[in-house]
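Observations on chain architecture
Here is what each chain is made of, one letter per residue.
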Amino acid sequence: CPNGDLQRQHRPQAVADHVRHGMLANDRATRALGMEITSMGPGHATITMAVRADMLNGFDTCHGGYITTLADSAFAFACNSHNTMTVASGLSVDFLAPGREGDVLTAVGQEQSLSGRHGIYDIRVSDQNGQTIALCRGKSTQIAGHVVPA
């Protein structure tokens, strides 16, 4: 593969890496909750978050809002990975099992469809044992601009 072809082939990943670093630098909510982006590429992102005591609800399980925020962050990084500024137009969440203090939750966001300005993303949140905690579907709309300078 000639060098120029190799560079073009890896460009989408380079763009996603550039977005990852630039977007995370400005995402105070993701950082404040201790989330870590463990993988990101064109149309997908994987983010982890440890469940802390201050994230528990009155039943000593992880508050659904924190699980949703983790899923929403994976959704946001996945749909912005192409460096076109993209926002959520909707997010549905189905809770299937509780998260508990000390669990490390992983959200995997994956692009299912991107047509024109609109995208659909599925996000699976699981615990460190692989048990599914929540399933989410996000709908996105691209707006004007780039996430980070091109």
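In the block above lies the structure referred to throughout.
Our subject in this report is the structure included herewith.

Conventions we followed
Residues numbered from 1 in each chain as written. Predicted model: local features only at pLDDT ≥ 70, side-chain atom pairs only at ≥ 80, totals over all residues. Heavy atoms only, no water. Pairing = 2+ DSSP bridges. Helix = DSSP H or I, 4+ residues; strand = E, 2+ residues; numbered from the N terminus. Axes fitted to C-alpha atoms, helices over the stretch in contact; angles between N-to-C directions. Contact = heavy atoms within 4.5 Å. Core = buried A, V, L, I, M, F, W, Y, C linked by side-chain atoms within 4.5 Å. Buried < 20%, exposed > 50% of the residue type's maximum accessible area, 1.4 Å probe, protein only. Phe/Tyr/Trp six-rings, centres within 6.5 Å; stacked < 30°, edge-to-face > 60°. Lys, Arg positive; Asp, Glu negative; His and termini not counted. Salt bridge = Lys/Arg side-chain N within 4 Å of Asp/Glu carboxyl O. Polar contact = N/O pair within 3.5 Å; in protein donor to acceptor, adjacent residues only side chain to side chain.

With that settled, consider the sheet that holds strand 5 (residues 118-126). Spatially, the six strands line up as an open sheet ordered 1-2-4-5-6-3, and their pairing is antiparallel. Across the chains shown, the open sheet's two edge strands, defined by having one partner strand only, are strand 1 (36-41) and strand 3 (86-95). Adjacent strand axes in the sheet meet at a mean angle of 20° when their direction is disregarded. Taken together, the seven bridges between strand 2 (residues 44-50) and strand 4 (residues 104-115) define a ladder with antiparallel strand orientation. Residue pairing in the sheet places Thr48 in a bridge with Thr106 of strand 4. Across the sheet, helix 3 (residues 64-79) lies against strand 1, strand 2, strand 3, strand 4, strand 5 and strand 6 (132-142), angled at about 150° from strand 2, the strand it touches most.

To continue, consider the nonpolar core. Among the nonpolar cores identified, the biggest contains 32 residues, and Leu70, Leu105, Ile123 and Val125 are the most heavily contacted of them. Looking at this core, the elements with two or more residues in it are helix 1 (3-26), strand 1, strand 2, helix 3, strand 4, strand 5 and strand 6. Here this core takes eight residues from helix 3, the largest share from any one element. Here Ile123 is in contact with Ala71, Ala74, Phe75, Leu91, Ala107, Val108, Gly109, Ala134, Leu135, Cys136, Arg137 and Gly138, once residues within four sequence places are set aside.

Glancing now at the pairing of strand 2. Here strand 2 lies mainly inside the structure; five of its seven residues are buried. Bridge analysis of strand 1 against strand 2 gives five bridges, and the strand direction is antiparallel. Directly across from Glu36, in strand 2, lies its bridge partner Thr48. Linkage of strand 1 to strand 2, two consecutive antiparallel strands, is achieved through a turn of two residues, within which Gly43 is found at a positive phi near 80°.

This part covers the packing of aromatic side chains. For the structure on display, the rule yields one aromatic pair. On the numbers, 5.6 Å between centres and 50° between planes, the contact of Phe75 with Tyr121 is tilted. Of this pair, Phe75 sits in helix 3 while Tyr121 sits in strand 5, and the two are 46 residues apart along the sequence. The same class applies to Phe75 as to Tyr121, namely buried.

The next thing to look at is the side chain of Asp103. Mapped onto the secondary structure, Asp103 falls in the loop between strand 3 and strand 4. No salt bridge is formed by the buried Asp103. Its closest oppositely charged neighbour is Arg100, at 6.1 Å. Looking at Asp103, its side chain comes within polar contact range of the main-chain nitrogen of Arg100, at 2.8 Å. When near neighbours in sequence (up to four residues on either side) are disregarded, Asp103 contacts Met49, Ala50, Val51, Pro98, Asp127 and Gln128.

Function-wise, these values are silent; they only describe arrangement.
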